[in-house]
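Now for the letters of each chain:
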Amino acid sequence: MAHLQPPNIIETTHIFPPKGTVPSTTLPLTFFDAPWLNLPLSEFLFFFSYQNSTDCFLRDFLPNLKQSLSITLKHFFPYAGKLIIPPRPDPPYLRYKDGEDSLLLIVAESTGTTDFNDLKADSAKDIRVLHGVMPKLPPPHVSPEGILMRPTRVMQVTIFPGAGICIGNSATHVVADGVTFSHFMKYWMTLTKSKGKDPAATLLLPSPPNHSCRNMIKDPGEVAKGHLERFWSQNSGKHSSHAMPENMVRATFTMSRKQIENLKHWVTEQSENQSPVSTFVVYLAFTWVSLIKTLIEDSGKEGDKDEVFHLMINVDCRNRLKYAETEPIPQTYFGNCIAPGIVSVKKRDLLGKKGVLAASDALTARISDMLSSDLLKTAPSWGQGVRKWAMSRFPTSIAGAPKLRMYDMDFGLGKPCKMDIAHIETGGSIAFAESRDGSNGVEIGIALEKKTMDAFAMILQEGIKEFET
């Protein structure tokens, strides 16, 4: 198994939006943002094949990459700004100060002791091998008045001469969710490609983000206040961290389109009303059942048959919630805009012969309930559901989604040959993305202890075989 040596830093550059294009701005945090104040960072890695030398990349690609990033930050300026945390009781907020705030971009070169192919491989690997290509968010600055100013994002481009490029992103989730991050990356990648060898790519440039409706998003019941109280009481300004077992590994598993269709067919046949089920529901249900089976076997504790297991899903509220009487929050909204939903299934049902059906039914019912309800009215109860989830045995959540189309990123070298959601290693999360081969399959990323990963891989593969026709 490869162990990554720290790369050699070639340069560190502060990327500013074009001077004078963005006025100094402050943005309030909404009740969607506040829950993320004390949670781990959001971390993504994109691997691209590149057969040339470091000098070629620095000469042919890097200048355009940096110029396009500067123009992109004109629209996505909070990523160049700071999270400002004043002394209590003043609430935190986002700030961009023209001419002062910027996004730190690190350019590095692999030392040659690490194999690019090992890093992008699907097979289980020590989680530490990716840490060298994942940038560290700079420490916050504290003013004499006790105001903490924390950078919101840092990026690193690591060159593997003759093999590939890795673009790593670390950011505080308080600023924005995965929908906004995907929007940012697609804008930057498309702009880079259009200014390089493919001017026609400009026609595919996404619409810029919307910042104007943030002030109109109303807190439906002092939801943010409760999160702020917990934030202030838990050493505000520091993101939580988790002790990682030394034998922790991560791996990626792929479910083909045919395998997913087999699952959908089986679930539909077994359901009482024979109604079709979505791809999202079946692959998530199948993976959750496989994971819980693995964790129970690994723990050696069967537990009570009426024990309830909980899965947390996220529902994008864009185009569903209205920030004014008639205006929905647009799809291009910059920020967090996701509602948590807790799916609960008893052990005897989840691990029974029709466990995938039980999980699918529970997921379908929860999603239907959330989409048909007034999400703003239910917001005050979200915290209660999340606490129930967090206190249960083996709480599971999801990161990413195929609809984000993370494999569509292309800045002129082709689409990524691998994408990793690195922050799942903090435990309990399953990463989902569309399959990189464009076949409408699904990729599943997960981090577990080595022996647990081996057991999970076996249970997953055995489960897939059961549904093959």
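Definitions and limits used
- Residues numbered from 1 in each chain as written.
- Predicted model: local features only at pLDDT ≥ 70, side-chain atom pairs only at ≥ 80, totals over all residues.
- Heavy atoms only, no water.
- Helix = DSSP H or I, 4+ residues; strand = E, 2+ residues; numbered from the N terminus.
- Buried < 20%, exposed > 50% of the residue type's maximum accessible area, 1.4 Å probe, protein only.
- Pairing = 2+ DSSP bridges.
- Axes fitted to C-alpha atoms, helices over the stretch in contact; angles between N-to-C directions.
- Contact = heavy atoms within 4.5 Å.
- 1 Å grid on protein atoms, 1.4 Å probe; cavity = no way out; pocket = protein on both sides within 12 Å on 5 of 7 lines; lining within 4 Å.
- Points joined across faces, edges and corners; volume = space filled by probe spheres on them.
- Nonpolar A, V, L, I, M, F, W, Y, C, P; charged D, E, K, R; others polar.

**Re unusual backbone geometry**
Part 1: Cis geometry is found at the peptide bond from R88 to P89, where omega equals 15 degrees.
Part 2: Counting through the fold element by element, P89 comes out in the loop between β4 (82-85) and β5 (93-96).
Part 3: At R405, a position not held by glycine, the phi torsion is positive, near 55 degrees.
Part 4: Counting through the fold element by element, R405 comes out in the loop between β15 (396-399) and β16 (418-421).
Part 5: What makes R405 partly exposed here is its relative accessible area of 32%.

**Thoughts on the sheet that holds β16**
Part 1: Taken together, six strands build an open sheet; the order of strands is β1-β6-β10-β11-β3-β16 and the sheet is mixed. The open sheet has two free edges, formed respectively by β1 (8-15) and β16, since each of these has just one partner strand. The average undirected angle you get between the axes of adjacent strands in this sheet is 15 degrees.
Part 2: Strand direction decides the pairing type here: strand β3 (residues 42-49) and β16, joined by four bridges, are antiparallel. Bridge pairing links F47 to K418 in β16.
Part 3: In the packing of helix α2 (residues 62-75) onto the sheet, contacts are made with β1, β6 (103-109) and β10 (153-160), and the angle to β1 comes to roughly 30 degrees.
Part 4: The sheet strands contacting helix α4 (residues 178-195) are β3, β10 and β11 (164-171), and the helix crosses β10 at an angle near 50 degrees.

**Here we look at empty space enclosed by the protein**
Part 1: Under the counting rule described, the total for this entry stands at two cavities of 30 Å³ or more.
Part 2: By volume, the largest cavity amounts to about 80 Å³.
Part 3: R250, T252, M419, D420, I421, A431, F432, A433, E443, I444 and G445 together form the lining of the largest cavity.
Part 4: Per-class residue counts for the lining of the largest cavity are six nonpolar, two polar and three charged.
Part 5: Estimates place the volume of the second largest cavity at around 30 Å³.
Part 6: Forming the walls of the second largest cavity are M255, Q259, N262, L263, F286, I464, F467 and E468.
Part 7: A total of three residues in the lining of the second largest cavity trace back to one element, the largest contributor, which is helix α6 (residues 257-270).
Part 8: A breakdown of the residues in the lining of the second largest cavity according to their chemical character gives five nonpolar, two polar and one charged.

These figures capture arrangement, not role.
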